[in-house]
Amino acid sequence: MLIGTKGDYGVRAMIDLARHHTGQPIPRNEIASRRHIPEAYLDQLLGLLRRAGFIKSVRGPGGGHLLARNDDEITLLSLLETLEGSLEPMSSLDKELDVTGQAWIWTEIYHRMRESLEDVTLGRLVEVEKSSEAASAPRYLI
């Protein structure tokens, strides 16, 4: 499975919103800066995520973006399908056109991948990122 820029940047932005969630909107430029996402591209992604119901946007001074749902209710599968579209390995897994008899394996792989992505929540991604940072933090012994 190849995740494109939309999926990569969109998931990064969602992790940032979940990590810095205080109930107050987070400005776009802060997300872009922390996650190394071009602001113009981030604007497009935030609009897409807002229309899909993952985030809320607040305009004006003190405005920004915040999660519309709990991070444990948002799955990696739902995010990637929103950002990337279909994750099917082939445009059509039509058994009638399968002259080699191999479509079943692609169908099986696709269903297992969907199950795996459905099991990963945004909350879990935040936990893993925090753990990874804690493990790689410099330690000074005296």
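Please refer to the structure placed before this passage.
As the structure is a computational prediction, the values presented were derived from the model and not from experiment.

Caption draft 1: The arrangement of the pattern of salt bridges in detail. Within the structure shown, the criterion is met by 12 salt bridges. For the salt bridge of Arg-19 with Glu-133, the shortest nitrogen-to-oxygen distance reads 3.0 Å. With a gap of 114 residues between them, Arg-19 in helix H1 (residues 5-19) and Glu-133 in helix H6 (residues 122-136) connect regions that are remote in the sequence. For Arg-19, a relative accessible area of 25% corresponds to the partly exposed category. Its relative accessible area of 40% is what places Glu-133 among the partly exposed residues. Close ionic contact of Arg-35 with Glu-129 constitutes a salt bridge, the shortest N to O distance being 2.7 Å. Of this pair, Arg-35 sits in helix H2 (residues 28-35) while Glu-129 sits in helix H6, placing them 94 residues apart in sequence. Accessibility classification places Arg-35 together with Glu-129 in one group, the buried group. Three or more residues joined by partner-sharing salt bridges are found here, namely Asp-16, Arg-19, Glu-30, Arg-34, Arg-35, Glu-129 and Glu-133.

Caption draft 2: Summary view of unusual backbone geometry. Look at His-36: it is not a glycine, yet its phi comes out positive at around 55°. Within the secondary structure, His-36 sits in the loop between H2 and helix H3 (39-51). On the basis of relative accessibility, which here comes to 63%, the residue His-36 falls in the exposed class.

Caption draft 3: Molecular detail of the packing of aromatic side chains. Enumeration over the complete set of coordinates arrives at one aromatic pair. Measuring from centroid to centroid gives 5.6 Å for Tyr-9 and Tyr-41, while their planes differ by 80°, and the two rings are edge-to-face. With Tyr-9 in helix H1 and Tyr-41 in helix H3, this residue pair connects regions lying 32 residues apart in the sequence.

Caption draft 4: Local environment of H6. Counted at 1.5 Å a residue, the expected span for H6 with its 15 residues is 21 Å, and the 21 Å between its end C-alpha atoms agrees. When we look at burial in H6, the residues that qualify are Leu-122, Gly-123, Val-126 and Glu-129. All buried residues of H6 project into a common sector of 125° when viewed along the axis, lining one side. Opposite the buried face of H6, at more than 90 degrees from it, the exposed residues are Ala-135 and Ser-136. Summarising the contacts, the buried residues of H6 are in contact with H1, H2 and strand E2 (64-67).

Scoring rules and cut-offs
- Residues numbered from 1 in each chain as written.
- Predicted model: local features only at pLDDT ≥ 70, side-chain atom pairs only at ≥ 80, totals over all residues.
- Heavy atoms only, no water.
- Salt bridge = Lys/Arg side-chain N within 4 Å of Asp/Glu carboxyl O.
- Helix = DSSP H or I, 4+ residues; strand = E, 2+ residues; numbered from the N terminus.
- Buried < 20%, exposed > 50% of the residue type's maximum accessible area, 1.4 Å probe, protein only.
- Phe/Tyr/Trp six-rings, centres within 6.5 Å; stacked < 30°, edge-to-face > 60°.
- Expected span 1.5 Å × (residues − 1).
- Arc of directions from axis to C-beta.
- Contact = heavy atoms within 4.5 Å.

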